[in-house]
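# Observations on the three-dimensional arrangement
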Amino acid sequence: RMFYALRFLSGLRVLLQTVVIALKSMIWTSLVVLALLYIFGVIFTQGTVDYCARAPYCFDRVELLASFGDINRSLISLFQTMTSGIAWQDLLVEFEDFPSFYYWLFLVYVAVAYFAILNVVTGIFVETTLQVANVDREDIITEEMRIK
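What counts and how
- Residues numbered from 1 in each chain as written.
- Predicted model: local features only at pLDDT ≥ 70, side-chain atom pairs only at ≥ 80, totals over all residues.
- Heavy atoms only, no water.
- Helix = DSSP H or I, 4+ residues; strand = E, 2+ residues; numbered from the N terminus.
- Buried < 20%, exposed > 50% of the residue type's maximum accessible area, 1.4 Å probe, protein only.
- Contact = heavy atoms within 4.5 Å.
- Polar contact = N/O pair within 3.5 Å; in protein donor to acceptor, adjacent residues only side chain to side chain.
- Phe/Tyr/Trp six-rings, centres within 6.5 Å; stacked < 30°, edge-to-face > 60°.
- Salt bridge = Lys/Arg side-chain N within 4 Å of Asp/Glu carboxyl O.

Let's shift gears to the overall build of the chain. Looking only at helices and strands, the chain features five helices and zero strands. Listing each helix as α and each strand as β along the chain from the N terminus yields α-α-α-α-α. Counting across all 148 residues of the chain, residues that qualify as buried make up 31%. If you take every contact in the chain between residues at least 6 apart in sequence, the share linking residues at least 24 apart comes to 69%.

Let's shift gears to the environment of Ser 74. Mapped onto the elements of the fold, Ser 74 is located in helix H3 (residues 71–82). Ser 74 gets classed as buried once you look at its relative accessible area, which sits at 0%. Spatially, the C-alpha atoms of Ser 74 and Phe 44 are 7.0 Å apart, while their sequence positions differ by 30 residues. Those residues in contact with Ser 74 that sit more than four places away from it in its chain are Gly 41, Thr 45, Ser 67 and Phe 68. There is a polar contact of 2.5 Å between the side chain of Ser 74 and the side chain of Thr 45.

The next subject is the packing of aromatic side chains. Each aromatic ring pair is specified by the distance between its two centres and by the angle formed by the two planes. Considering all chains together, one arrives at 14 aromatic pairs under this definition. Relative to Trp 104, the ring of Tyr 103 lies with its centre 5.9 Å away and its plane at 80 degrees, an arrangement referred to as edge-to-face. Put simply, the rings of Phe 40, Phe 44, Tyr 51, Tyr 57, Phe 68, Phe 95, Phe 98, Phe 101, Tyr 102, Phe 106 and Tyr 109 touch in pairs and so form one group of aromatic residues.

Under the counting rule described, the total for this entry stands at three salt bridges. With a shortest N-O distance of 3.8 Å, Asp 70 and Arg 73 are connected by a salt bridge.

Unlike most non-glycine residues, Ser 84 shows phi in positive territory, near 65 degrees. In this structure, Ser 84 sits in the loop between H3 and helix H4 (88–92). For Ser 84, a relative accessible area of 57% puts it in the exposed group.

Next comes the structure, spelled out in structure tokens:
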């Protein structure tokens, strides 16, 4: 039992070290995500404002205004899209009456958010975990050799 507990604590130690070491990278990644959200949020909010200035029936489109009516709503909608809180297809429908630029730009946002940003975050954690586990393994081997 004691051996099992030590093994469990070793795994916990590796996990905690990974989180601490990856924290710096995660802060920078979070800033990149925030910048991405803000840039696309401003573009989609401005597109919604321009669309509503041209289309008199715009204010009947409750979903559009709830998703992209102001910058805060745009940021939340884009964040939910990135984290699967809202299906991106549901928001894409809102851009069907917009110029095609917004439709394709939203698809670009989804592709960048899913394939680039989230894969980078996953890669950071995997790489950091492998580095910490390797150092931990080397420390265990060194300690065992010292004891013998």
